[in-house]
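Tertiary structure, described
Below, each chain spelled out in residue letters.
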Amino acid sequence: NGAARFAAEQGLARVEDPEAWYTRAGQGEDNHPPSGLSHGTVGCCVLDSQGRLAAATSTAGVFGKMPGRVGDTPIPAAGTWADEHAAVSCTGQGEYFIRVAAAARTAFGVAAGQTLAEASQAVIDRIGALGGDGGLIALDREGNIAQPYNSQGMKRAWLATDGGVGVEVFGR
Ligand code: ASP
């Protein structure tokens, strides 16, 4: 309701049939209903031409969540973080990412002298040791990329300044 009120105040056109914008789980060929606890998040990390790092994460949370649950995604330091050392976006069982402050811990590891690969793998190992699963994408100011995960798979892609493109779906 707050978003609708804000949109009206801004004079934006109203969406009369919100359902027309969604494909509900299980309705499309590639959109099967989840069998158990499942999650799906989109994250992005960027380094611009002036050396600035940024991260963003968007999620619907986890299937079967309690009403009102807040996961790691909107919590700075937990699911999303960017500072002058690294940009980090996480996906997985948010409760564990919150407990280890996963995104900020990765950047702090880089600040303390770890490579991005070491810092991000250490965070995923720590989450695994607690019994959690998921992954993260991370980028440092040198343009290094790290994308560790301990879940079954994590779809990821990157674009380099020379036009190089990479895409990986599974494969650890
Ligand atoms: N981390 C998200 C959450 O716990 C879920 C996800 O990454 O898919 O809400």
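First, a word on what this report is: a plain description of the structure on this page.

What counts as what
Residues numbered from 1 in each chain as written. Predicted model: local features only at pLDDT ≥ 70, side-chain atom pairs only at ≥ 80, totals over all residues. Heavy atoms only, no water. Near = heavy atom within 4 Å. Polar contact = N/O pair within 3.5 Å; in protein donor to acceptor, adjacent residues only side chain to side chain. Areas by Shrake-Rupley, 256 points an atom, 1.4 Å probe, with all protein chains shown as cover. 1 Å grid on protein atoms, 1.4 Å probe; cavity = no way out; pocket = protein on both sides within 12 Å on 5 of 7 lines; lining within 4 Å. Sits in = over half its atoms within 2 Å of the grid points. Helix = DSSP H or I, 4+ residues; strand = E, 2+ residues; numbered from the N terminus. Expected span 1.5 Å × (residues − 1). Buried < 20%, exposed > 50% of the residue type's maximum accessible area, 1.4 Å probe, protein only. Arc of directions from axis to C-beta. Contact = heavy atoms within 4.5 Å.

1. Quick notes on the site of the ligand
Around the ligand lies a shell of 13 residues, among which Thr41, Arg69, Asp72, Thr91 and Gly92 are the nearest. Thr91 is positioned with one of its side-chain polar atoms (N or O) 2.7 Å from an oxygen atom of the ligand. For the ligand, a nitrogen atom lies 2.8 Å from a polar atom in the backbone of Gly92. Relative to its unbound accessible area of 270 Å², the ligand is 99% covered by the protein chains. Spatially, the ligand is embedded in the largest cavity. Listing elements by their share of the shell around the ligand, those giving two or more residues are strand 1 (39-47), strand 2 (53-62) and strand 4 (86-92).

2. A look at helix 4 (residues 116-130)
Since there are 3.6 residues in each turn of an α-helix, residues three or four apart along the chain are aligned in direction. Given a rise of 1.5 Å per residue, 15 residues ought to cover 21 Å, and the 22 Å separating the end C-alpha atoms of helix 4 matches this to within 8%. What helix 4 keeps buried is the set Leu116, Ala119, Ser120, Val123, Ile124 and Ile127. Looking straight down helix 4, one finds its buried side chains confined to an arc of 130°; they lie on one side. In the core, the buried residues of helix 4 are packed alongside strand 4, helix 2 (94-99), helix 3 (102-111), strand 5 (134-140) and strand 6 (145-146). Just past helix 4, the residue Gly131 takes up positive phi, approximately 100°.

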